[in-house]
Each structure stands twice: as structure tokens, then as C-alpha cells.
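Observations on the model geometry
Spelled out, the chains give:
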Amino acid sequence: MKTHELKIVNGEVHGMQRVDCGEGSGHGQTSGRSGKRQTEPRSVKSKFLSASAARWLLVSSLALLCGFVVDGRCEAADEISLSLADDGVAHLPIVVSPNASANIKNVANELAAHLQKISGAAFTVQTGSGTNGIVLGTLKEFPNPALAKELEIRNVYDGREAYVIRSEPQRLLLLGATEQGASHAAFRLLELVGCRWFFPGKEWEVIPSIPALKIAVHESDRPAMLSRSIWYGNAYFHDVNGVDRQSLNDYLAWCRHNRMNSYGEGNVGSIQIANGHAWQSIIADHSETFKKHPEYLSLVGGNRQGVQLCVSNPEVRKLAAQWVLDRFEKKPELDMVSFETSDGARHCECENCAKLGSVSDRVFGLANEVAKTVDRSYPGKMIGLLAYNDHAATPSFPLEPNVSVQLTTSLISGNRSFEELLEDWPKVCKHLGIYDYFSVFVWNYDALGAGVAGNTRLIQERLANFAAHQVNSLSAESTNNWGPHGTGYYLAGKLMWNPKSNGQELLDDFYAKAFGPASMVMKRFYERNDGANVLACSHTYGLGYRDLQEASKLAADRPDVLARLDHLKQYMHYLYLRDLLANATEPARKKELTVAILTHAWRTRYSYMNDTQGMLVTWTKTAAKDFGEPSWNSDESIFPEHRKARPWFKPEPISHEETETNFKEGLATFKVLDIEERKFSADLVPVRFDETPPVEKYAFFLGVPPRYVFCSLRGESISGEIGAGNLPGGPDLRYRLADSVGKVVATGSVPNDDKRHPFEFKVTKPGLYYLDHSPTSGGATAGMWRPSDQPWIILLDHEVTTAGTFPELFFYVPKGTRQVQFYYRGHTAGNKIRTHDGTVVAEIPGLPGAMYAIQVPPGADGKRWSIGGPGPGRLRFFNIPNYVSPSPGGLMVPREVATTDELRVLK
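These remarks concern the structure in this document. Predicted, not measured: the structure shown is a model, and the values here were computed from it.

Structural notes on the overall build of the protein chain
Scanning the protein chain from terminus to terminus reveals 22 helices and 43 strands. Each of the 907 residues in the protein chain was classed as buried or not, and the buried ones make up 58%. Contacts spanning at least 24 positions in sequence make up 75% of the contacts within the protein chain whose residues lie at least 6 apart. Accessible surface for the protein chain amounts to roughly 36000 Å². Of this, 51% is attributable to carbon and sulfur atoms.

Details of the packing of helix H15 (residues 519-529) against helix H16 (residues 538-554)
Close contact between H15 and H16 brings their axes to 9 Å; oriented N to C, the two are set at 160°. One way to sum up the angle between H15 and H16 is to call them roughly antiparallel. In the crossing of H15 with H16, the sense of the turn from one axis to the other is left-handed. Along its contact with H15, which presents Val521, Met522, Arg524, Phe525, Arg528 and Asn529, the element H16 presents Thr540, Leu543, Gly544, Asp547, Leu548, Glu550, Ala551 and Leu554. Here the contact of H15 with H16 is built from residues that sort into seven nonpolar, three polar and four charged.

Some remarks on the pattern of salt bridges
One pass over the structure, following the stated rule, counts 43 salt bridges. Here glutamate 191 makes a salt bridge to arginine 188, at a shortest N to O gap of 2.9 Å. With glutamate 191 and arginine 188 both in helix H3 (residues 179-193), this residue pair falls three residues apart, about one helical turn. Through salt bridges with shared partners, a single ionic network connects Arg188, Glu191, Glu219, Arg259 and Lys494.

Structural notes on the environment of leucine 891
Mapped onto the elements of the fold, leucine 891 is located in the loop between strand S42 (883-884) and strand S43 (892-894). The buried category is assigned to leucine 891, whose relative accessible area is 0%. C-alpha separation for the pair leucine 891 and glutamine 790, spaced 101 residues apart in sequence, amounts to 8.7 Å. Once you skip the residues sitting within four places of it in the chain, leucine 891 turns out to touch Val685, Pro686, Val687, Phe689, Ile793, Phe810, Phe811, Tyr812, Arg864 and Ser885.

Things to note about the packing of aromatic side chains
For the coordinates displayed, the defined rule picks out 47 aromatic pairs. Geometrically, the ring pair formed by tyrosine 708 and tryptophan 792 is stacked, given 6.1 Å between the ring centres and 25° between the ring planes. On the criterion of sequence distance, the pair formed by tyrosine 708 in strand S27 (residues 707-712) and tryptophan 792 in strand S34 (residues 792-795) is long-range, its members being 84 residues apart. Look at phenylalanine 811 and tryptophan 865: their rings are 6.3 Å apart centre to centre, the planes differ by 50°, and that puts the pair in the tilted class. Of this pair, phenylalanine 811 sits in strand S35 (residues 806-813) while tryptophan 865 sits in strand S40 (residues 863-869); the two residues are 54 residues apart in sequence, bridging distant segments of the chain. For tryptophan 865, a relative accessible area of 1% puts it in the buried group. An aromatic cluster of at least three residues, connected via ring pairs, comprises Phe198, Phe199, Trp204, Trp254, Trp482, Tyr489, Tyr490, Phe510, Tyr511, Phe515, Phe525 and Tyr526.

Comments concerning the sheet that holds strand S15 (residues 227-232)
Taken in spatial order, the six strands of this open sheet run S15-S24-S23-S22-S21-S20, and their pairing is parallel. The open sheet has two free edges, formed respectively by S15 and strand S20 (336-338), since each of these has just one partner strand. On average, each strand axis in the sheet is tilted by 20° relative to the strand beside it, whichever way the strands run. Pairing of S20 with strand S21 (residues 382-389), which is carried by three bridges, proceeds in the parallel orientation. Residue pairing in the sheet places methionine 336 in a bridge with methionine 382 of S21. Across the sheet, helix H7 (residues 314-330) touches S20 and S21, and the angle it forms with S20 is around 135°. Docked against the sheet, helix H9 (residues 359-377) engages S21 and strand S22 (403-412), running at close to 170° with respect to S21.

Describing unusual backbone geometry
Most peptide bonds adopt trans geometry, and most residues besides glycine take a negative phi value. One non-glycine residue, aspartate 87, lies in the positive phi region at around 55°. Residue position: aspartate 87 is located in the loop between strand S5 (82-86) and strand S6 (89-90). With a relative accessible area of 59%, aspartate 87 lands in the exposed category. The phi angle at tyrosine 445 is positive, at roughly 50°, despite the residue not being glycine. Relative to the elements of secondary structure, tyrosine 445 occurs in the loop between helix H11 (441-444) and helix H12 (456-468).

Structural notes on a nonpolar patch on the surface
Among the surface-exposed residues, Leu411, Val442, Trp443 and Tyr445 lie close enough to one another that they form a single nonpolar patch of about 390 Å² accessible area. Residue position: valine 442 is located in helix H11. You can call valine 442 partly exposed: its relative accessible area is 40%.

Quick word on the nonpolar core
The biggest cluster of nonpolar side chains holds 135 residues, and the ones touching the most others in it are Phe339, Trp425, Phe438 and Phe515. At 10 residues, the largest contribution of residues to this core is made by helix H17 (residues 559-583). Apart from the residues within four sequence positions on either side, phenylalanine 339 is in contact with Ala278, Trp279, Ile282, Ala320, Val324, Leu366, Ala367, Val370, Ile383, Gly384 and Leu385. In terms of nonpolar packing, the next biggest core, distinct from the first, is built from 40 residues, Leu733, Ala746, Phe822 and Ile854 among them.

Thoughts on the packing of H15 against H17
Orientation of H15 relative to H17, taken along the N-to-C sense of each, is 30°, at an axis distance of 14 Å. For the element pair H15 / H17, the angle class is roughly parallel. In the crossing of H15 with H17, the sense of the turn from one axis to the other is left-handed. Across from Met522, Phe525 and Tyr526 in H15, the residues of H17 making contact are Leu565, Leu568 and Met572. A per-class count over the contact of H15 with H17 returns six nonpolar, no polar and no charged.

So, H3
Since the α-helix turns once every 3.6 residues, residues separated by three or four places project in the same direction. In a regular helix each residue adds 1.5 Å, so 15 residues correspond to 21 Å; H3 covers 22 Å between its end C-alpha atoms and thus fits that length. Extensive coverage of H3 is indicated by the burial of 14 of its 15 residues. Where H3 ends, the next residue or the one after it, glycine 194, has phi of about 125°, a positive value.

Focus on helix H19 (residues 612-626)
Over its 15 residues, H19 runs 20 Å from end to end, which matches the ideal 21 Å to within 8%, given 1.5 Å per residue. The largest bend in H19 comes to about 40°, at tryptophan 619. All of the buried residues in H19 are Thr612, Gln613, Gly614, Met615, Leu616, Val617, Trp619, Thr620, Ala623 and Ala624. Note on H19: the residue one or two positions beyond its end, glycine 628, has a positive phi of about 65°.

Rules used throughout
Throughout, a residue's number is its position along its own chain's written sequence, starting from 1. Given that this is a predicted model, residues contribute local features only at a pLDDT of at least 70 and side-chain atom pairs are listed and counted only at 80 or more, while totals for whole chains, interfaces and linings are drawn from all residues. With hydrogens and water excluded, all non-hydrogen atoms of the structure serve as input to the side-chain values. Each helix is a run of H or I in the DSSP string that is no shorter than four residues. Each strand is a run of E no shorter than two, and both are numbered from the N terminus. Think of it in three bands: residues with accessible area under 20% of the maximum for their type are buried, residues over 50% are exposed, and the middle band is partly exposed, with areas taken using a 1.4 Å probe on protein chains only. Two residues qualify as a contact provided that any one of their heavy atoms is within 4.5 Å of a heavy atom in the partner residue. Under the convention used here, a 1.4 Å probe and the Shrake-Rupley method define accessible areas, while residue burial counts only the protein chains that appear. Note on geometry: axes are C-alpha line fits, over the in-contact stretch for helices, and angles between N-to-C directions span 0 to 180 degrees. An angle below 35 degrees is read as roughly parallel, one above 145 as roughly antiparallel, one from 65 to 115 as roughly perpendicular, and any other as oblique. Two helices that cross are described as forming a left-handed crossing if the nearer one is turned anticlockwise from the farther one by less than a right angle, and a right-handed crossing if clockwise. In this classification, the charged set is Asp, Glu, Lys and Arg, the nonpolar set is Ala, Val, Leu, Ile, Met, Phe, Trp, Tyr, Cys and Pro, and all remaining amino acids, among them Gly, are polar. A carboxyl oxygen of Asp or Glu within 4 Å of a side-chain nitrogen of Lys or Arg is what we treat as a salt bridge. Each Phe, Tyr or Trp ring, with Trp reduced to its six-membered ring, pairs with another whose centre is within 6.5 Å; inter-plane angles below 30 degrees give stacked pairs, above 60 give edge-to-face pairs, and intermediate values give tilted ones. Only strands joined by at least two bridges in the DSSP assignment are considered to pair. The residues that make up patches have over 30% relative accessible area and no salt bridge, and they are joined within 9 Å when like-charged or within 5 Å when they are Val, Leu, Ile, Met, Phe, Trp or Tyr. Joining through side-chain atoms within 4.5 Å is the link that ties buried Ala, Val, Leu, Ile, Met, Phe, Trp, Tyr and Cys residues into a set, and such a set is a nonpolar core. Multiplying 1.5 Å by the helix residue count minus one yields the expected span of that helix. Note that the bend at a residue is defined as the angle between axes fitted to the seven residues ending at it and the seven residues starting at it.

Now the structure itself:
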């Protein structure tokens, strides 16, 4: 008989684990050993496995998702091993209180069903006193003074989701401060045993097979963020009866299983955040009053109009406060009522409002007044707002303790960047949250690596940064597109609960448990297509197809893994069709492919790989206009007669056979180039190819900033001009200069005034210096001007978006190079590649991105080349140094290249 004996004490795994893995689990055996308790997860190694297999079982072990210690404390614990099931017989019932709610009973039934899948034993659910059994409920239902401290609710909200798991003689306690905490305890227990719910849908559920289940657990936890929401901006698709319940229920289940807060219903978090646009509702709810008193509306352009309030009017202030009080009276269960402004700007321009100060002073000044009124009538209740648009900046005064603010990561105005605002807001606001944009369909169209959630490195950096600034809530506007963004969503959910979790271990656990014998291949697939690395093009798609082909062979005897691979193959077919559409020229062909994509998205909608609803409510409007199909020009309709007019509504889901047929088509279409990736050192030296006249050269960028590298030959100052424009009054452009070891030697800023501002950085020693500046937004540009004989380059490690036309950007082709291999994605066509003598060897189209291999003509190696034209959107070299210089005399090359190629190095 195989056994599973697990001992967990505040996140540390003890004892031995032998798992009889069935469908949905990895294969192998793991042994652990007791030792000193730690606050971080411990590695569990196996002497039975090869080194590589041990690594994967290590990261997929139960240890890695543990390690959540309340207030950094490890408690003493009786390490009591409790047998839950053996030989198909459950040893303990699941016990709930006689007064248990329907919600607790549902959780108990779900826990019983999962434990039966794991052990093969039928677990009963019954009521009882909690003296024995698997006891599920709240501390109030099963009083235990020893657990009161762990389950206390602090400052009204912190602890509403707290839970404890304790194995004791004859019972296993799964208790929460509230019903939500009890639910978390149940699914955390299943997670400890090895269950995972990576993406929505049954295919992404992992349930291990453990016929003999023993466990010893001692864990207490509560989330770092009191509200954690990943929600779909385009909501859910519909059927003829309204909202499609399957898509909604799959989303709610994912949230419930992963201890996330769901949007609209289900788990609401420790606090229910409310900060949607609200002032327009105040006006609508008092429409007759506002008709009689137009002076209550904002004065804009000499007229009382719009949907903002004249906040200086005393009657408006009274009315607004009463509106909030009425909301709490009608719905006493609410934690918070939104007091956010109406969307858009157009705030009041009257003299009295102007006297109140900035827009932020007006908005948050009124919010403070309302908050005081709320506190007198409803202590503990809060009002919520956004720091957004024209009121993104902090007010000149602190906010009341019962005012909650979520700072938006985008769509902000004023001269403060998001990074600066994140520094500002904790100084004036006790309850600071973030409103982020993880994915917006019309911003990324479900492309590989696009969007915040498509970049797992960025997700980890953001969550760590938010935690460092005491952010206690996160609302992530997202899309139902788990093909490109699934790992980002899953990772973000875990890091919202515990920002100190190891992101790479969480990802490795995903690869191991979701893909079993194909885990190494799928790790390669996901890492290549991650936003931190991805170069979207047919070559990349071809590599992805070949990864999935290899993974399918490795997992041939694992139907659970093959089902997940089918989903990813369906997503790859979407990319295949999008690639065909991007290259189509005839209108009839574009229409055909548009219908094919929408049809494919609809038929695969329950894989949740693509944001089907986003396509149906946005893309179809554009398609209706482009192809002269007015019947397409509306949101997805619930009416059957309207669906008949839209050719993409096909009722039958796509089959495995069709998925394979489509996959083979893409596999044959996308060719893989033989790309050589050479590594060069970062030890750069300036070189000179010929006498270059010292004329002024410039670099002009927008969006993601480049990284400049300067060289001070003898310790002389680094000088030039820098400027920002196209968005007067926008955020200042802030820059920082660091030396080669990362020490900051200078900082500065320039206003966004469309002017050139001189800079001179005094340095203390010769060497390389790196300049970074803040991103631009809203079409703003950033420029750099320097004489052409000064050594400076631009690193091409990420997207470099140019504004206007570059005469030339220069790069070096080392001796012996036979091909120049690079990736290029431009915004317009017409960029030309020229050799040292001006010969055009290639003219590169714009979108879509592609991998190129340009033959080097005889005698053109060991020379300076250039690219010129409309300017690159993204350029990356593979087999030559990966940077360019705006100046013909500004090139630097790796020292070893200069030595080998016998180049003239400047001294």
C-alpha cells in the first residue's frame, strides 16, 4: 500500500511522501526530512530520481506553496499525523455546524468530492460539535480560545479571510474568522495535498491520486492584500438566456479555489472595494433636483453642463453626502460606497470651485467631508475613489481614515508619473490600492506576450513594488484570454496573497503539475513566449508549434496533459489565422479570415484561451464597417434571430480531431530559421572607422524608453541636450545616470514643454555610464541630442519606438559574419539596411514582425552598417552586437571584438 504522509508546520514540509499519481498529477516519489523550522518553503529532494526529475518534483512538491507565516512567526506544534483515508475507506467525516450556512455546506460537499477523487474513499458530510472529524466552519461555530489570536479581525477588515489548519488527535480543523476564511482553509488543504486549479475549466484542474492519505498540518494565514480581483473588462459571453453560466461559474470556481476575490458574486475579499464612476449616478438619482438647479452642475465653457458636480456649492455637498448615507441605509451589508467622479474631465470652472484648489483638492476635499459624515452614522464604513485622470495627483491634505483610493497605473494626467504618484499617495492615504490594466483586448488583441499579464517578470516586479508601498488592494482589469496571459493571472493571484512567494517556483510548479513528462518542453514554450522575451513572428510561432508537437509525444499516455495541450493548440491556431489576416491584401480574403477567426474563437470559447467576448463586442463593429455588413455592428446579441445574421455563431465545439488538423496545418506553414545567437561581453570600447565630422545627431523616441550607454574616455563630463514634447503639461521626463556597477551618479528632470534642455554630467573616472529615463505616454516623445563624434549607443534589449524618421542608426558587423540575423517589427514599411559604402542590401516591410537573415556581401564584414527610414519599432540582433548608435562616430563594440577585428580604439 502506498502512503502519503505529510507534515506541515507553518509552511515547512516534514516526513515522507510517496504519491501514487493518477490522471492529473506528476509521476515520482519524494522524500523529505525534518529539521529546523523556517519561514520560507524548504526544498524536498528525492534520492529515487535523476537530477533533472528531482528538480521538477522538488518545485512541484507541497513545500513550495507553503511558507505563509502570520507576522513572520513560527509556532510550536504537535506534529500529529492524522489518517484521512486508506483502502478506499474514509476515516473521518466532514463536520459542519448544525447552523452552517448554505455556502459552508457547498464548500463541504466540494471538499468531500475532491477528497474522494484523491483517495477513492467516500467522505460524508454531517453536522456535529467538532470534537472529531474534518471540522469545517467559523471560529464562532466551533469556539477555540487557542485560535482566537490567529483569527482575530484587526481594524475592521484585516482578518476576515484569516484561516487556520490544525491536525489534532481525531480531528482536522479547517476554521476561518468568517465563512470566507473557512472556504480558504478547505481549498488550501487540497492545495497542500497537491491539487491545483491553474486556469478556469476542468481541463486545468490537477487532482493527485493518493489511496492512503495521512497528513499533519499546522498553518495560520491571512492575505497581504485585503482585496484581490482579476476581472474581465468585457464580462462573459451570453447565450440565448442571458449571461452564459458556464463561463461565469468556471471563473467563480477558479477564484474560489485559488483564494481570490471574484467579481460580482462569490468571494468578496476582506473588504468589498467600490470605486466605479458615481457622480453621474448622484445626478441621475436626483434628476428633478438638477433640472431645477442647473447651478449644481459643473460650469464648463460658460455653461452648466456635463456630469460633474459644482463642488463649491453647499447644497451639492449636502446632497452628495446624503446620497452616500442613503446607500448604506438601503444596503447595510456594504463595506464601501463609491464616491468617484463621473468619467472624463470637464470639472467645474466657476470662481468658487477654483478657490478650492486643484481638481484633486476639490474631489478629495469633498470626499473627506462626506467620509466624516459617514463615520458619524456608520462607523467602520468607507467611501472609495480612484486616483485617475485629472485627479490622479495627491491633494494638499491627508485623507480621512475611511477614504479608500486606488491609483490607476495608466490614463493619468498631470506632471507626475505613476512611479512618483506611487511614492506620493501612501503619505496622504491610509487605504491605498491599485487599479491596474492586466489586459485590454483592443490594446493587445490576444497577442503573445502583449499586456501586463503576458509578462511574468513584470507581474513579479509590479507586485513586489506595490507591496513595498503598503498597497492593500488590487483591482486588475483583464480579459478572458488564458492562452497568452494564463501564467500571469495565476502568478498574480498567488503574489497578491503573499508577495514574498517565490515567483519562479510557482511557475515551475505549474510546468511540472500541468504538463508532467512534458514539463521541460512546456517551460521552454512559456518562457520563450513570455512578454519579457517574446519576438512575435512566424519563426517564433513555428518554434511554439514544434514545442507542442514534442510535448504531445512525451505526454502520449497522459490524457489530462493532452487536453491542456489541445487548448494551447487552439490558441496557436488563433495566432495562425491572425498571421494570415495580417498578410492578406484582398478585401474578400480579409473578410473570410475575419469570419474564420471569430468562428474559431466562438467554438473554442470554453477553453478560455481567447477573449471571445472582447472580439464580439469590439472587433465586430470594426468588421461591420470594413466589410459593409451592418448586421454585425452590435454587441453580441442574446437573440437567436440576430445570431443567424452573424456567420461565426456555430453551436458545435471544436473537436480534438479538428484541433489536430488545424495544428498540422500551422506546423507545416510556419518555418523555423536556423538562428545563431552569439553572446558578447558588456565591456564596450569606442572605435573609429573614419574621420566623422562633429555634426549634431539626435535620437527621438516615444513610449518605452531606450537605454543609452555613454563613454567618458578620460573622466570628462558627459553632455548633450534632452527634451520631451507633444504632451505639454504632461509628466516631467525624469532621467538617471549610473556607472558600470549600478551606482547612481546623477539624476534630473525636464518639463514636457517641447524644448531642448542642456545636461552635463560630471563624472569622477573614465568608463561606461548608463542613462535611463521615464516612459512617455499619450503620444509624448523624448529626444536626445549629441555631437556625432561622441561615443554613445542605444541598447536593443527591449522595444525601441522611434518618433519621426531616422536618417540612419549605425551598427557593427564583425569580421567573418556571413549573415546578419535579426528580428524587426516596424510601424511602417521602408526601412533600408545599408552596408558601409551605402549599398542597400535589404528593404524591410513594417508589420507584422519577422525574423531576417541578410547575406553579407564580400568585403562588407568588419564594417559599420546602418538602418534608416521611418524608424524601428523593435529591432534585435542575434549574431552581432545588439545595439545601435545614432551617430556614425558614436559606435562602441565589445572589447574582444575590437581586439579580434583589429579596430581603432579611441583612447
